[in-house]
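Inside the fold
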Amino acid sequence: MTDIMSAGVEAGAYDARDVGRLTLAPAATVQGISALVASRRITTPQGEALIDDAITLFLARSSTER
């Protein structure tokens, strides 16, 4: 995740000061969704859809902050 966010800094999408926070946010999101799937609170397809939604939201936010 750090490599991905660092590449975003190099591309001008993120401020270097935000890499730590921005690395934790998607990682925590993925871990949370994984926990929901593992505990069978949601199905695997629901988890996959949530991951897709999270990626879309993270990318949308980064594009509005440029």
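Residues numbered from 1 in each chain as written. Predicted model: local features only at pLDDT ≥ 70, side-chain atom pairs only at ≥ 80, totals over all residues. Heavy atoms only, no water.

**Observations regarding the packing of helix H1 (residues 2-10) against helix H2 (residues 19-38)**
Rules: Interaxial angle, 0 to 180 degrees, is taken between N-to-C directions of lines fitted to C-alpha atoms, where a helix line uses only the stretch in contact. By definition, any uninterrupted DSSP run of H or I lasting at least four residues is a helix, any uninterrupted run of E lasting at least two residues is a strand, and each is numbered from the N terminus. When an angle is under 35 degrees it counts as roughly parallel; over 145 it counts as roughly antiparallel; between 65 and 115 it counts as roughly perpendicular; any other value is oblique. We call a crossing left-handed when the near helix sits turned anticlockwise from the far one by less than a right angle, and right-handed when that turn is clockwise. Any two residues whose heavy atoms approach within 4.5 Å are treated as being in contact.
Contact pair H1 / H2: the axes reach a minimum separation of 9 Å and the direction vectors enclose 130 degrees. As far as their axial angle goes, H2 and H1 are oblique. H2 is crossed by H1, and the crossing has right-handed handedness. On H2, the residues touching Thr-2, Met-5, Ser-6 and Val-9 of H1 are Val-19, Leu-22, Thr-23 and Pro-26.

**A look at unusual backbone geometry**
Phi is positive for Arg-40, close to 60 degrees, though the residue is something other than glycine. Relative to the helices and strands, Arg-40 resides in the loop between H2 and helix H3 (44-64).

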